[in-house]
Amino acid sequence: MNWLLRNWPDVLVSLWEHIAISLTALAIAFAISLVIGIVAARREKLYGTVMTISGLLYTIPTLAFLAFLIPLVGLGRANAIITMVAFSLMILIRSVATGIREVPADIIDAARGMGMNPAQIMRRIELPLALPLIVAGLRVSAVTVISVTVVAAYVNAGGLGTLIFNGIASDHPAKIWTGALSVCLLSVSVDMGLALLERRLKNRRAA
Amino acid sequence: MFADAWTYLLSHPTQFYRALGVHVALSASALLIAALICIPAGIAVARKDKLSLAVVNAANVGRTLPSLAVLALVMPILGTGFAPALFALTLIALPPIVTHTIVGMRGVDADAVDAAIGMGMTRAALLWRVELPMAMPVIFAGLRTAAVQIISGAVLAAFIGGGGLGDFITAGIAMMAVPQLLVGAIPVALLALGTDFLFGALQRRMTPQGLRAS
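So, how was this worked out
- Residues numbered from 1 in each chain as written.
- Chains lettered and ligands numbered in written order.
- Predicted model: local features only at pLDDT ≥ 70, side-chain atom pairs only at ≥ 80, totals over all residues.
- Heavy atoms only, no water.
- Helix = DSSP H or I, 4+ residues; strand = E, 2+ residues; numbered from the N terminus.
- Buried < 20%, exposed > 50% of the residue type's maximum accessible area, 1.4 Å probe, protein only.
- Contact = heavy atoms within 4.5 Å.
- Areas by Shrake-Rupley, 256 points an atom, 1.4 Å probe, with all protein chains shown as cover.
- Lys, Arg positive; Asp, Glu negative; His and termini not counted.
- Charge placed at Lys NZ, Arg CZ, Asp CG, Glu CD.
- Core = buried A, V, L, I, M, F, W, Y, C linked by side-chain atoms within 4.5 Å.
- Axes fitted to C-alpha atoms, helices over the stretch in contact; angles between N-to-C directions.
- Left-handed = near helix turned anticlockwise from the far one by under 90°.
- Nonpolar A, V, L, I, M, F, W, Y, C, P; charged D, E, K, R; others polar.
- Salt bridge = Lys/Arg side-chain N within 4 Å of Asp/Glu carboxyl O.
- Buried area = accessible area lost by both parts, 1.4 Å probe.
- Polar contact = N/O pair within 3.5 Å; in protein donor to acceptor, adjacent residues only side chain to side chain.
- Phe/Tyr/Trp six-rings, centres within 6.5 Å; stacked < 30°, edge-to-face > 60°.
- Lys NZ or Arg CZ within 6 Å of the ring centre and 35° of its normal.

Colleague: Run through the overall build of chain A, naming residues and quoting values.
Modeller: Each helix and strand counted, chain A has eight helices and zero strands in total. Ordered by position in the sequence, the α and β elements of chain A form the string α-α-α-α-α-α-α-α. With respect to the three principal axes, the spread of C-alpha positions in chain A is 70 × 40 × 20 Å. Put simply, chain A has 207 residues, and 50% of those count as buried. Summarising the internal contacts of chain A: among those between residues at least 6 apart in sequence, 75% fall at separations of at least 24.

Structure (structure tokens):
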């Protein structure tokens, strides 16, 4: 506790780094997944292939993935962000594609009948209706990315994992506790915040 | 690059097999212990509505905790080595198994249960011959998720002295020795993918004939 009182500015810097890396990775992964999800949603075969490949990426252990990238991109933040993007693709693509698929066919028929073109239908009908599911996917992947960021500190990406690794290396329990508990608090609060958003979006749709 | 990794592997067979053995032993024991705790507990909890909701909610919070944070929190209390790593990995496996058991048991078709009671089945027969077989696919989905998470977590066990294939990766990163790092990373990736595939196949076999989609 004393250690934390003396060093809280450093802890806040690590927390901020953690959030910044996670958000960057999540934004990149979301942009990629939105495009792939929209393209694959109504193409059964392509969707299967995309899910198989992204499922493989999701199954490979984090530290092994970071290690594979070292010969290619070296240590540091780029390595960490590529790993995180690879990890969140499956969850995000699946949520985008499932959200679009579950839009009732008669709503799309009605939109077509009103003279909307496919791009308008996607932007004004399908994506808004898919939003609650997309947010659900973002919630799971946000938590995953935060968890991967902890390990990524080992390849010098920064963030709260740095505190944990320094604490382990110098046998300093206060650092370990601070790092591990702050990262748990971060995941739980992000999860709960996005769960709240998800519920609001669902209620708005029902009303 | 891969040739160098192969040469490294051939020149360090004892260390490799020992690390692989520790990795598999650590993962399998954690999965077994977690399953022995969570499946019976889940079955018992599933009968009570409020308790089920409370346990599922608590487990969902538990699932968001990063594996490395769990391992790191265990270390100052239990120290380093195989046993603390096993304890942490078991903790990591609890939430997916318990939630899937509860969801699987509660999802059993009420008509099937009614029919079984009408046929005069005892409670035990109902559980073993109707409820468990019908919940099995969902329970196996939970075991599959837990198994993959444990294998990934066991890589991180290297940080708290738990041994396993993570040792090659951490040593390889520390010395920037790519062959050594690959000797850890490739087998562990194959182990995770193989386990996922194996549990997927088991899950399909465990599905009762009448419940199979095709």
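Picking up where we left off.
Colleague: How would you sum up the overall build of chain B? Please name residues and give values.
Modeller: Per the secondary structure count, chain B includes nine helices and zero strands. Helices and strands in chain B line up, N terminus first, as α-α-α-α-α-α-α-α-α. The principal-axis extents of the C-alpha atoms in chain B amount to approximately 65 × 40 × 25 Å. Buried positions account for 50% of the 214 residues belonging to chain B. Considering only intrachain contacts with a sequence separation of at least 6, the fraction spanning at least 24 residues in chain B is 77%. Put simply, chain B shows about 10100 Å² of open surface, and 68% of that area lies on carbon and sulfur atoms. In chain B, 12 positive and 8 negative side-chain charges are present, and the distance between their average locations comes to 5 Å.

Colleague: Talk me through unusual backbone geometry; I want residue IDs and the actual numbers.
Modeller: Positive phi, normally seen in glycine, also occurs at D171 of chain A, with a value near 50°. With respect to the secondary-structure elements, D171 of chain A resides in the loop between α7 (160-169) and α8 (173-206). A positive phi is found at M176 of chain B, a non-glycine position, where the angle reads about 50°. Examined against the element boundaries, M176 of chain B turns out to sit in the loop between α8 (166-175) and α9 (178-206).

Colleague: Tell me what's going on with the environment of A29 of chain A, and back it up with residues and numbers.
Modeller: Residue and element names in this part refer to chain A. Position of A29 among the secondary structure elements: in helix α1 (residues 2-40). Remark: the alpha-carbon pair of A29 and S88, spanning 59 residues in sequence, is separated by 6.5 Å. For A29, the contacting residues outside a window of four places in its chain are V85, S88, L89 and L92.

Colleague: Just give me the short version of the nonpolar core, but keep the residues and values in it.
Modeller: By size, the foremost hydrophobic cluster in this structure holds 123 residues, and its most contacted members are L63 of chain A together with L31, I97 and I169 of chain B. When neighbours within four sequence positions are excluded, L31 of chain B is seen to be in contact with I97, L143, A146, A147, I150 and F199 of chain B.

Colleague: Mind laying out the packing of α8 of chain B against α9 of chain B, listing which residues take part and the relevant values?
Modeller: Each pair of packed helices gets described by two things: the angle between the helix axes and the distance between those axes. Residue and element names in this part refer to chain B. α9 packs onto α8 with a crossing angle of 145° between their chain directions and a minimal axis gap of 7 Å. The way α8 lies across α9 gives a crossing that is left-handed. Seen from α8, the contacting residues are F168, I169, A171, G172, I173 and M175; seen from α9, they are Q180, L181, V183, G184, A185 and V188. Classifying every residue of the contact of α8 with α9 by side-chain character gives nine nonpolar, three polar and no charged.

Colleague: Requested: an account of the pattern of salt bridges, with residues and values cited.
Modeller: When the charged atoms of two side chains lie near each other, side chains of opposite charge can form a pair. Counted under the stated rule, the structure contains eight salt bridges over all chains. The closest approach of N and O atoms between R42 of chain A and E126 of chain A, which form a salt bridge, is 2.5 Å. Taken as a pair, R42 of chain A in the loop between α1 and α2 (44-59) and E126 of chain A in helix α6 (residues 118-152) lie far apart in primary sequence, 84 residues in all. Overall, the relative accessible area of 48% leaves R42 of chain A in the partly exposed class. Between D49 of chain B and R106 of chain B there is a salt bridge; the shortest N-O distance is 2.8 Å. Remark: R106 of chain B occurs in helix α5 (residues 82-106) and D49 of chain B occurs in helix α3 (residues 49-64); sequence separation between them is 57 residues.

Colleague: Quick one: what's the story with the interface of chain B and chain A, residue by residue and with numbers?
Modeller: The interface of chain B with chain A comprises 33 residues on the first partner and 31 residues on the second. Of the roughly 2900 Å² buried where chain B meets chain A, counting both sides, 89% is carbon and sulfur surface. Contact with chain A buries area across many residues of chain B, yet T64, L73 and F159 of chain B alone supply 19% of it, more than any other trio. Here chain B is connected to chain A by zero salt bridges. Viewed at the interface, chain A and chain B are joined by one residue pair in polar contact (both at pLDDT 80 or more). Of all the secondary structure elements, the ones that give two or more residues to the side of chain B that touches chain A are α3, α4 (67-78), α7 (123-156), α8 and α9 of chain B. Considering each element in turn, the side of chain B that touches chain A owes the most residues, 10 residues, to α9 of chain B. Among the residues forming the side of chain B that touches chain A, the class breakdown is 28 nonpolar, four polar and one charged.

Colleague: Any chance you could break down the packing of aromatic side chains for me, citing the residues and the numbers?
Modeller: Applying the stated criterion across every chain yields a total of nine aromatic pairs over all chains. Aromatic pair F65 of chain A and F87 of chain A: ring centres 6.1 Å apart, planes at 70°, arrangement edge-to-face. With a gap of 22 residues between them, F65 of chain A in helix α3 (residues 62-73) and F87 of chain A in helix α4 (residues 77-101) connect regions that are remote in the sequence. Both residues of the pair, F65 of chain A and F87 of chain A, belong to the buried class. Joined through ring pairs, the aromatic side chains of Y8, F16, Y17 and F168 of chain B make up one cluster. When the ring centre of Y47 of chain A is taken as origin, the NZ or CZ atom of R101 of chain A, which lies over that ring, is 4.1 Å away.

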